[in-house]
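# Residue-level structure breakdown
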Amino acid sequence: MRHYLDFYLTSMKIAIQEQFQYPVANYFYMIGMIAEPVIYLVVWSTVATLQGGTVGGYAPGYFAAYYIVWTLVRNMNIVFTPYGWEMRIQRGQLSGELLRPIHPLHSDVAYFAGWKVVVIVLWLPLAACLALIFKPSLNPTWLQVVVFFIAIWGAYLIRTMLLSLLGMITFWTTRVGALYELFFAFELILSGRLVPMALMPGWVQTISAFLPFQWTFFFPINALVGNPTTPDLLYGLGMQLVWIIAGIFFARIVWRLGIRRYAAVGN
Amino acid sequence: MDSNNAIIKVNGLSKYFQVAVREAGLKASTKSLFHRTYKTVKAVDQISFEIGRGEVVGFLGPNGAGKTTTLKMLSGLLYPTSGQVQVLGCEPSRRSADYLRQITLVMGNRNQLSWDLPAVDSFELYRAIYEIPRQQFIRVRDEFIEMLELKDLVNKPVRNLSLGERMKMEIVGSLLHTPKVLFLDEPTIGLDVTMQRRIRTFIEDYNRRYSATVLLTSHYMADVEALCKRVIVINHGKILFDGSLSQLVERFSPLKTISVTLSKPIANPSQYGEVIEQTSGMVKFRVPKASTSAVTARILADLPVDDLTVEDPPIEDVIEKAFSHEGL
């Protein structure tokens, strides 16, 4: 356990050092990402105003809070993508990591976790600017703040497992990009990324309850900006835990089967 | 070698790949959508050998011979199609953490260090990965930095280093955990002569200090001559030769070269042996090994000799001959 702690801390430190090499690029990257939530925000705020002030019971202030917090959650959801897996398997870049006495998934989780620390620090002034412009309604309790902080890391782990599982399909198919795009379409609709889940039709919400997507987007955002009860918050964290464990379980199986097919070509 | 003392035991090891094949052109491409044809490539085919503790063995063969595939199976990157492999008593394909802590695979064209940071930061990550005790880590790191003369470079971002400097850093990083078995795949590829020599000396020192077992592939025969008493020659996935370098020369080149510097030109030099080069003051003969002393004596007695040297043929020529003697 001490070994893993040492590895994670060292790896995160390396990731932070690397990201500090390119602070401007990181900032531009984050600013570029704001376009998407700002469009959603403007659209829903306009709809709310046209409908007499609310949509589905939500006022523009709620949408502002939702999509400003969205920007952080979206950044927390950036993980090693299936495209990255495709590259590392196709070109044999996985070889270097396979030679280390630690699973490559640990390296991915640790490295991106370090990057997240930089993301959170860079996000704070950005969120302050957005708040000044869009005036969000945000009055979370301390419990909500604590749950939110845990939930964004839970979301990060769920998405890491999901995208790693997708990426490992490259062991069989050589290319997995198309599958990722399909996954992305489902995620967009079923996660709360496009619109808060409460505004989705009932049947979409029902389907979504059985899938991992909403626990990576809607749950963390709603934990901070909505009015969830304590049981709702605990249930959400529990569901995140379930999906993390399921993700690890399936990732282990797929890894064991897939790694036998690894050809280590090129490296 | 006593099989019980062997650190690396390879028995009937094979690795076959299924490769999709099709002819060029749109028609063949369209046909392949419905019917794909595969062929089996035998990258490594039923090879067996053993290597003892502290041995440095050259693993030689032309491109595509199966050297790197073998190294990848020995280091656990590839699952063998058939056969048995044991390294340090472990089955490499299981890739147990204990096993991986005792070996390293250095590939001349592979970069593992963080591009943007000084190598010393990446070394710190290796310390954590390999659970190297802090004191040991500092001692070994500093020792290697000194041996490879990297003191002034270790704090520079890796992207600012030359190819040779980067390679030296990669080697330091790969050996920080002081592995007992080194698989070196062309560690000096693309480096200038001085840098090659420095790395060779380092490998030699490491082998001596840590009694490490080394299996080395290289296309630079200077690496092989300097480091390896024993060589294994492989081609088309099969072992053609396994023995000492001198045995290899004996077996694949039963000829010697006699170079004679003359004070005046001579007529009809071919009576002494096959003339392979001739200028006004110099003649080079190729003669069978068994008759070298007799021919040398005749030359010295008959000709106006200023200087005479007898040499084995260049090792490159011997290796080339060995590659072409497949099936011997």
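Treat the numbers as computed from the prediction; the structure is a model and nothing was measured.

### Comments concerning the overall build of chain B
- Along the backbone of chain B there are eleven helices and 13 strands.
- The C-alpha extent of chain B, read off along each of the three principal axes, is 70 × 60 × 50 Å.
- Each of the 328 residues in chain B was classed as buried or not, and the buried ones make up 38%.

### Remarks on helix α4 (residues 119–130) of chain B
- Over its twelve residues, α4(B) extends 16 Å from the first C-alpha to the last, a length consistent with the 16 Å expected when each residue adds 1.5 Å.
- Along α4(B), ten of the twelve residues are buried, which leaves the element largely enclosed by surrounding structure.
- Of the positions making up α4(B), those classed as buried are B:Ala119, B:Asp121, B:Ser122, B:Phe123, B:Leu125, B:Tyr126, B:Arg127, B:Ala128, B:Ile129 and B:Tyr130.
- Check the buried side of α4(B) and you find it contacts α1 (2–20) of chain A together with α5 (134–147) and α6 (163–175) of chain B.
- Positive backbone phi, approximately 55 degrees, marks B:Glu131, located one or two places after α4(B).

### Re the sheet that holds strand β10 (residues 255–262) of chain B
Residue and element names in this part refer to chain B.
- Judged by pairing direction, the sheet is antiparallel, and its four strands sit side by side in the order β11-β12-β10-β13 without closing on themselves. Taken across any chain shown, the strands that pair with only one partner, and hence form the sheet edges, are β11 (274–278) and β13 (305–311). Taken over all neighbouring pairs, the strand axes of this sheet differ in orientation by 20 degrees on average, direction set aside.
- Examined bridge by bridge, β11 and strand β12 (residues 282–288) share four bridges and lie antiparallel to one another. Along β12, the bridge assignment pairs Val275 with Phe285.
- Seen against the sheet, helix α10 (residues 292–302) touches β10, β12 and β13 and runs at an angle of roughly 170 degrees to β13.

### Notes on the environment of A:Cys129
All names here are of chain A.
- Following the sequence through the fold, Cys129 ends up in helix α6 (residues 104–134).
- Using a count of 12 C-beta atoms within 10 Å as the deciding quantity, one classes Cys129 as exposed.
- Once the C-alpha coordinates of Cys129 and Ile68 are considered, the two residues, 61 residues apart in sequence, prove to be 9.9 Å apart.

### Quick word on the interface of chain B and chain A
- Facing the 24 residues of chain B at the interface are 20 residues of chain A.
- Every element with two or more residues in the side of chain B that touches chain A is listed here: α3 (97–100), β5 (103–107) and α4 of chain B.
- Among the elements that take part in the side of chain B that touches chain A, α4(B) stands out by supplying six residues, more than any other.
- Tallied by class, the residues present in the side of chain B that touches chain A amount to 13 nonpolar, three polar and eight charged.

### Quick word on the pairing of β5(B)
All names here are of chain B.
- The element β5 is extensively covered by neighbouring structure, given that five of its five residues are classed as buried.
- Of the two faces of β5, the one carrying Ile103, Leu105 and Met107 and the one carrying Thr104 and Val106 are both buried.
- The pairing of β5 with strand β6 (residues 181–185) spans five bridges and is parallel. Each residue of the ladder has a partner; that of Met107, found in β6, is Asp185.

Calculation notes
Residues numbered from 1 in each chain as written. Chains lettered and ligands numbered in written order. Predicted model: local features only at pLDDT ≥ 70, side-chain atom pairs only at ≥ 80, totals over all residues. Helix = DSSP H or I, 4+ residues; strand = E, 2+ residues; numbered from the N terminus. Buried ≥ 20, exposed ≤ 12 C-beta atoms within 10 Å, placed from the backbone. Expected span 1.5 Å × (residues − 1). Contact = placed C-beta atoms within 7 Å. Pairing = 2+ DSSP bridges. Axes fitted to C-alpha atoms, helices over the stretch in contact; angles between N-to-C directions. Nonpolar A, V, L, I, M, F, W, Y, C, P; charged D, E, K, R; others polar.

This is a description of form; function is not addressed.
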